Amino acid sequence: PPPPRMPYSDENTADPADVSSKADGIKLPYCAKDPVYWFRRLEKQMQIRGIGSQFWKSVVLEMNLPPALCDSVKDLLIKEQAEAAQAAQAAQQHLK
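Residues numbered from 1 in each chain as written. Predicted model: local features only at pLDDT ≥ 70, side-chain atom pairs only at ≥ 80, totals over all residues. Heavy atoms only, no water.

### Notes on the packing of helix α2 (residues 35-48) against helix α3 (residues 54-64)
Consideration 1: Contact pair α2 / α3: the axes reach a minimum separation of 11 Å and the direction vectors enclose 130°. Considering the angle they form, α2 stands oblique to α3. Once α2 is placed against α3, the crossing between them reads as right-handed. On α3, the residues touching Trp-38, Phe-39, Leu-42 and Met-46 of α2 are Lys-57, Val-60, Leu-61 and Asn-64.
Consideration 2: When grouped by side-chain class, the residues that make up the contact of α2 with α3 number six nonpolar, one polar and one charged. (Axes fitted to C-alpha atoms, helices over the stretch in contact; angles between N-to-C directions. Helix = DSSP H or I, 4+ residues; strand = E, 2+ residues; numbered from the N terminus. Parallel < 35°, antiparallel > 145°, perpendicular 65-115°, else oblique. Left-handed = near helix turned anticlockwise from the far one by under 90°. Contact = heavy atoms within 4.5 Å. Nonpolar A, V, L, I, M, F, W, Y, C, P; charged D, E, K, R; others polar.)

Put into structure tokens, the structure is as follows:
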């Protein structure tokens, strides 16, 4: 059998050519009552649009988080694209 896939949140794969428009189309109001459920819903929206890189996952995350939460993880969100994989995973884990 094929090896098990890693969780989507950990994957770092190529994005579609129109990734910026796909990312811009994701609008999901933050749910403070159930952030884990909110994250899963956000990940599903990214997944069905083919967003695969940690860089673009972090962009979508930042666009959908309330400003106060962005402030609490801004040191992770401002990373350069090359550093984004580790930073995005750390931000997601911190916020979950």
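### Regarding the nonpolar core
Consideration 1: Counting 17 residues, the largest nonpolar core has Ile-26, Trp-38, Leu-42, Met-46, Ile-51, Val-60 and Leu-61 as the members making the most contacts within it.
Consideration 2: When residues of this core are traced back to their parent elements, those giving at least two are α1 (19-24), α2 and α3. (Core = buried A, V, L, I, M, F, W, Y, C linked by side-chain atoms within 4.5 Å. Buried < 20%, exposed > 50% of the residue type's maximum accessible area, 1.4 Å probe, protein only.)

### Observations regarding α2
Residues three or four positions apart in an α-helix share a direction because the helix packs 3.6 residues into each turn.
Consideration 1: With 14 residues, α2 should reach 20 Å at 1.5 Å per residue; the first-to-last C-alpha distance of 20 Å fits that figure.
Consideration 2: Listed in full, the buried residues belonging to α2 are Pro-35, Trp-38, Phe-39, Leu-42, Glu-43 and Met-46. Considered in projection along α2, the buried side chains sweep an arc of 135° and stay on one side of the axis.
Consideration 3: Just beyond α2, the residue with positive phi is Gly-50, at close to 80°. (Expected span 1.5 Å × (residues − 1). Arc of directions from axis to C-beta.)

### As for the packing of aromatic side chains
Consideration 1: All chains considered together, the criterion is met by three aromatic pairs.
Consideration 2: On the basis of an interplanar angle of 70° and a centroid distance of 4.8 Å, the ring pair of Tyr-30 and Trp-38 is categorised as edge-to-face.
Consideration 3: Here Trp-38 and Phe-39 contribute two aromatic rings whose centre-to-centre distance is 5.1 Å and whose plane-to-plane angle is 80°, an arrangement assigned as edge-to-face.
Consideration 4: Through pairs of rings, three or more aromatic residues link up here, namely Tyr-30, Trp-38 and Phe-39.
Consideration 5: The ring of Tyr-8 is capped by Lys-57, whose NZ or CZ atom sits 3.9 Å from the centre of that ring. (Phe/Tyr/Trp six-rings, centres within 6.5 Å; stacked < 30°, edge-to-face > 60°. Lys NZ or Arg CZ within 6 Å of the ring centre and 35° of its normal.)

### Some words on the side chain of Ser-53
Consideration 1: Inspection of the secondary structure puts Ser-53 in the loop between α2 and α3.
Consideration 2: Exposure remark for Ser-53: the relative accessible area of 9% places this residue in the buried category.
Consideration 3: A polar contact of 2.5 Å, which involves the side chain of Ser-53, links it to the side chain of Asp-15.
Consideration 4: Other than its neighbours up to four places away in sequence, Ser-53 contacts Asn-12, Thr-13 and Asp-15. (Polar contact = N/O pair within 3.5 Å; in protein donor to acceptor, adjacent residues only side chain to side chain.)

### Some remarks on the environment of Gln-45
Consideration 1: Within the element layout of this structure, Gln-45 appears in helix α2.
Consideration 2: Take Gln-45: its relative accessible area is 28%, and that puts it in the partly exposed class.
Consideration 3: Taking the C-alpha atoms as reference points, Gln-45 and Ile-26, 19 residues apart in sequence, are found 6.8 Å from one another.
Consideration 4: At 2.6 Å, the side chain of Gln-45 forms a polar contact with the side chain of Arg-49.

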